Amino acid sequence: MTQVIYARIAEAMRDQIVSGQLAPGSDIPTEAEIAESWGTSRGPVRNALALLKAEGLIDTGRGRPARVSRHESTQRLDVQVPFTRWAEESGAVPGAVTQQFSRKRATARVAADFGVEVGDPVVEVLRLRLLDGKPTMLERLVYLDDVGRVLFAHDLDRISITELLAAHGFLSGGVEHEIDAIAADQLDGELLGVAEGSPILRLHRVSRDAEGRIIEVSNDHYRSDIVRFTFGEPGAAARSAHGGQFLRGLQR
């Protein structure tokens, strides 16, 4: 029961923060006030606050009240618009720093993902994405060989991979998304600037071409203090939790 209570408290406060009801820099209610309003002890409240702090939504310090973090808790995203174009249209400066880019032999897991043979060539990309110079998302991308080879003639720090592949005839026949929360590993911590083990968001993507062939499998790791994914009912316009837009994924 305690776990259920602390999760409900955290969710309610999270909604207040991302909706702007609790503004950046403002004090949040004391542990005693929260406990009283929820009819519980301070233990679950402390657990809820610890979770929100780990997500980067609040700041705490000895001798002062907890406050809502001053940075943006969400960014407005549109699943139909590539990252670079979306950032520019929303007034942010996009960036990319390619960490690894190579042609490799498919492992058993990669081969199963694409439906190819173990040892078949594939192209792998590890790329850090930035917004206004701030590390935001770490892309782990794998492409079928004939698709990925297109990338070698280009500077991946300066292009939208989605738009480049579309220009070469690799049009999307659909994208499947799977979103979950994971603990940041050592590489995430180093490149995204978060503590190892802290919660981040993972977006697993499977992209198909017009013939239904899987051409890309990726795992994108997002800083949870910058990006949050929510979903509305089918047919609803995309809106974020912070500014009215639901976050429904992102192209390259």
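Treat the numbers as computed from the prediction; the structure is a model and nothing was measured.

## A few points about the nonpolar core
So, step 1. Phe114, Tyr143, Val147, Leu151, Ile161 and Leu165 are the most contacted members of the largest nonpolar core, which has 24 residues in total.
So, step 2. Elements supplying a minimum of two residues to this core: α5 (108–114), β4 (121–131), β5 (134–144), α7 (161–167) and β8 (214–223).
So, step 3. If one sorts the elements of this core by residue count, β5 sits on top with four residues.
So, step 4. Among residues more than four places away in sequence, those in contact with valine 147 are Leu165, Phe170, Arg213 and Ile215.
So, step 5. Core analysis: the next-biggest nonpolar cluster, separate from the first, contains 17 residues, Ile9, Leu22, Ile34 and Leu49 among them.

## Some remarks on the pattern of salt bridges
So, step 1. The full count for this structure, using the stated rule, is 15 salt bridges.
So, step 2. For aspartate 209, the salt bridge identified is with arginine 213, shortest N-O distance 3.1 Å.
So, step 3. For aspartate 209, a relative accessible area of 8% puts it in the buried group.
So, step 4. A cluster of three or more residues bridged by salt bridges with shared partners is formed by Arg103, Asp145 and Arg149.

## Notes on the sheet that holds β8
So, step 1. Spatially, six strands are ordered β3-β4-β5-β8-β7-β6 in an open sheet, and the strand pairing comes out antiparallel. In the strand order of this sheet, the two ends are held by β3 (94–105) and β6 (172–183), each with one partner. The sheet shows a mean angle of 15 degrees between the axes of neighbouring strands, taken without regard to direction.
So, step 2. Judged from the eleven bridges that link them, β3 and β4 form a sheet pairing that is antiparallel. Across the sheet, residue valine 97 finds its bridge partner in β4, namely leucine 128.

## Points about the packing of helix α2 (residues 31–38) against helix α3 (residues 42–54)
So, step 1. Following both chains from N to C, one finds α2 and α3 inclined at 115 degrees, their axes separated by 9 Å at the closest point. By the angle between their directions, the pair α2 and α3 is classed as roughly perpendicular. In terms of crossing hand, the pair formed by α2 and α3 is right-handed. Residue-level inspection shows Glu31, Ala32, Ile34 and Ala35 of α2 in contact with α3, the latter providing Arg42, Val45, Arg46 and Leu49.
So, step 2. A per-class count over the contact of α2 with α3 returns five nonpolar, no polar and three charged.

## Overview of the pairing of β8
So, step 1. Taken across its ten residues, β8 has nine buried, putting it largely inside the fold.
So, step 2. By the bridge criterion, seven bridges tie β5 to β8 in an arrangement that is antiparallel. Its bridge partner being in β8, leucine 138 is matched across the sheet by histidine 221.
So, step 3. Bridge count for strand β7 (residues 199–209) against β8 is nine bridges, and the pairing is antiparallel. Its bridge partner being in β8, arginine 208 is matched across the sheet by isoleucine 214.
So, step 4. Turn length for the β7-β8 hairpin, with the two strands adjacent in sequence and antiparallel, is four residues, and the turn residue glycine 212 shows positive phi of about 90 degrees.

Scoring rules and cut-offs
Residues numbered from 1 in each chain as written. Predicted model: local features only at pLDDT ≥ 70, side-chain atom pairs only at ≥ 80, totals over all residues. Heavy atoms only, no water. Core = buried A, V, L, I, M, F, W, Y, C linked by side-chain atoms within 4.5 Å. Buried < 20%, exposed > 50% of the residue type's maximum accessible area, 1.4 Å probe, protein only. Helix = DSSP H or I, 4+ residues; strand = E, 2+ residues; numbered from the N terminus. Contact = heavy atoms within 4.5 Å. Salt bridge = Lys/Arg side-chain N within 4 Å of Asp/Glu carboxyl O. Pairing = 2+ DSSP bridges. Axes fitted to C-alpha atoms, helices over the stretch in contact; angles between N-to-C directions. Parallel < 35°, antiparallel > 145°, perpendicular 65-115°, else oblique. Left-handed = near helix turned anticlockwise from the far one by under 90°. Nonpolar A, V, L, I, M, F, W, Y, C, P; charged D, E, K, R; others polar.

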